[in-house]
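# Remarks on the overall topology
Here's the letter readout for the chains.
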Amino acid sequence: MPYDALAAAEATALVAREHSQAVDANAQFPTATLAAARDHGLLGLLTAPEFGGHGGTLRDAALVVERLARECGSSAMVLTMHYAGTAVIEAHGPHAVRRAIAAGQHLSTLAFSEAGSRSHFWAPTGTATAVGDQVQLDAQKSWITSAHHATAYVWSSRPCQGSEASTLWLVPRDTQALATTAGYDGIGLRGNDSAPVAAKGARIPSHLRLGPDGGGFGIMMGTVLPTFCTLIAAGSIGLMEATVAATAAHASGSRYAHLAQGNALADLPTIRAHVARMRIATDQARTLWLDTITALETQRADAMLRVLEVKAACAEAALAVVDTGMRVCGGQAYRREVGVERRFRDARAASIMAPTSDQLFDFLGKAVCGLPLFG
Ligand SMILES: Cc1cc2nc3c(=O)[nH]c(=O)nc-3n(C[C@H](O)[C@H](O)[C@H](O)COP(=O)(O)OP(=O)(O)OC[C@H]3O[C@@H](n4cnc5c(N)ncnc54)[C@H](O)[C@@H]3O)c2cc1C
């Protein structure tokens, strides 16, 4: 019987729902949800069948992330970064690692952002120096999701040789001279375990290079960007769906006892209009997201334009939707049990994760005006 990624996502989402409030309140890594994802085969979703995986598509991964994001933004982010790392490993990684991912024994993530080049992830300043059959890495990575839990990091550096922008490596988390310097105590996605990692003379075998020396930029643009942007958009859509549902439930269920017939919030036309706008924004974002996936699948000429659009559009739509949800639910929205404030906090990351919305607007503006994206 073919693997049913949506059924696996549904089963995992039930676990995510059970643990999401504790994950958020205690800034806990979503261990139980990740265990469920592993048990239901979701960690090996993108791995090719010849390595034991399910050979799933980006569409499958996007639908999985969207479903999980409705329950737990942190779990959705951890899975997003796992799939982004897996996409690189599928294209350039060792066979044994691909088998380990398929078996649910390897959690991946991206280690691109650095303290020096900040959100300009395409321009790492960390170095890679060949030392015999090893490579020495020196860098100050500023954010790595699942920093304390990933099996290995998909890591960017300057190339060993030449003037290209970057080279990618598979860096095992237990590599000596890697220091994960702090935990994560952020406003949202509080369970995503995003932490800085410093490499001071960290050595890995040189065969753990992913793609050619100097080939990092090409892999970032060709492999990582479509996966990452589509999946971050999936997270934004899941957060919007959850917010619309929680807001509609609150508006329908909250009544004014002193008014005739105990009028509900939803009986106010202004409230209904706000909810309608939230629904429209969510559906617009979903439509663009599904069209982006179709554009990638069919290699449409505008596919890359869609990739740049979709992350910005969905991230910005989510900010508007969660903001309106807070407004509609009033003072009650400040309380955890209404279910809007967590999404309000979780939704903020998508717009400032690189490529940030403002960078994407700049790239898109250049693309539309026929200017080169970089330079
Ligand atoms: C929850 C979370 C998880 C993360 N996980 C990972 C991860 O797993 N791996 C990873 O590599 N990184 C990760 N990041 C890092 C993220 O992708 C960004 O690199 C980081 O948030 C940038 O922060 P900064 O303060 O250094 O941004 P800055 O570069 O200082 O940007 C500040 C502001 O300037 C704007 N800006 C910068 N350049 C331009 C430009 N050219 N045009 C227009 N505006 C511009 C930005 O849009 C932003 O609003 C994560 C971040 C968060 C919040």
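Residues numbered from 1 in each chain as written. Predicted model: local features only at pLDDT ≥ 70, side-chain atom pairs only at ≥ 80, totals over all residues.

## A look at helix H7 (residues 269-297)
In this model H7 runs 42 Å from its N-terminal to its C-terminal C-alpha over 29 residues, within 8% of the 42 Å that 1.5 Å per residue would give. One or two residues past the end of H7 sits Gln 299, with phi positive at roughly 50°. (Helix = DSSP H or I, 4+ residues; strand = E, 2+ residues; numbered from the N terminus. Expected span 1.5 Å × (residues − 1).)

## What to know about the domain arrangement of the protein chain
Segmenting the protein chain into domains produces domain 1 (5-102), domain 2 (110-212) and domain 3 (217-255 + 265-368). Listed per partner, the contact involves 22 residues of domain 1 and 21 residues of domain 3. Elements supplying a minimum of two residues to the side of domain 1 that touches domain 3: helix H1 (5-25), helix H3 (58-71) and helix H4 (73-92). For the side of domain 1 that touches domain 3, the per-class residue count stands at 13 nonpolar, four polar and five charged. (Domains from an automatic or database assignment. Contact = placed C-beta atoms within 7 Å. Nonpolar A, V, L, I, M, F, W, Y, C, P; charged D, E, K, R; others polar.)

## Let's talk about the site of the ligand
With respect to spatial proximity, 24 residues lie near the ligand, and among them Arg 118, Ser 119, Trp 143, Thr 145 and Thr 356 are the closest. Broken down by secondary-structure element, the contributors of at least two residues to the shell around the ligand are strand S1 (110-111), strand S3 (134-144), helix H10 (348-352) and helix H11 (357-368). Ranked by residue count, the leading element in the shell around the ligand is H11, at three residues. Three or more residues apiece are contributed to the shell around the ligand by two domains, here domain 2 (110-212) and domain 3 (217-255 + 265-368). (Near = placed C-beta within 6 Å.)

## Quick look at the nonpolar core
Side chains of a nonpolar character, in soluble globular proteins, are inclined to be buried together. Val 65, Leu 68, Leu 137, Val 154, Trp 169, Cys 314 and Ala 318 are the most contacted members of the largest nonpolar core, which has 111 residues in total. The dominant element in this core, judged by the number of residues it contributes, is helix H6 (residues 216-253), at 16 residues. Ignoring anything within four residues of it in the chain, the contact list for Val 154 reads Gly 85, Val 88, Ile 89, Ser 108, Thr 109, Leu 110, Ala 111, Leu 168, Leu 170 and Leu 210. (Core = buried A, V, L, I, M, F, W, Y, C linked by C-beta atoms within 7 Å. Buried ≥ 20, exposed ≤ 12 C-beta atoms within 10 Å, placed from the backbone.)

## Focus: H11
Compared with an ideal rise of 1.5 Å per residue, which puts twelve residues at 16 Å, H11 spans 16 Å between its outermost C-alpha atoms and is within 8% of the ideal. The first or second residue beyond H11 is Gly 370, which carries a positive phi of 75°.

## Brief notes about the environment of Ala 76
Mapping Ala 76 onto the fold places it in helix H4. A residue is classified by how many C-beta atoms lie within 10 Å of it, and Ala 76, with 31 of them, is buried. C-alpha separation for the pair Ala 76 and Leu 34, spaced 42 residues apart in sequence, amounts to 9.9 Å. Apart from residues lying up to four places away in sequence, Ala 76 is in contact with Val 65, Leu 68, Ala 69, Gly 235 and Gly 238.

## Description of the sheet that holds strand S5 (residues 167-172)
The sheet built from four strands is open, its strands ordered S1-S4-S5-S8 with mixed pairing. The two strands at the open ends of the sheet, each matched to only one other strand, are S1 and strand S8 (209-210). Examined bridge by bridge, S5 and S8 share two bridges and lie antiparallel to one another. Among the inter-strand pairings, Trp 169 is bridged to a residue of S8, identified as Arg 209. (Pairing = 2+ DSSP bridges.)

## Some details on the environment of Val 65
Structurally, Val 65 is set in helix H3. In this structure the C-alpha to C-alpha distance between Val 65 and Gly 235, which are 170 residues apart in sequence, comes to 6.0 Å. Excluding anything up to four places from it in sequence, Val 65 contacts Ala 76, Leu 79, Thr 80, Leu 231, Ala 234, Gly 235 and Gly 238.

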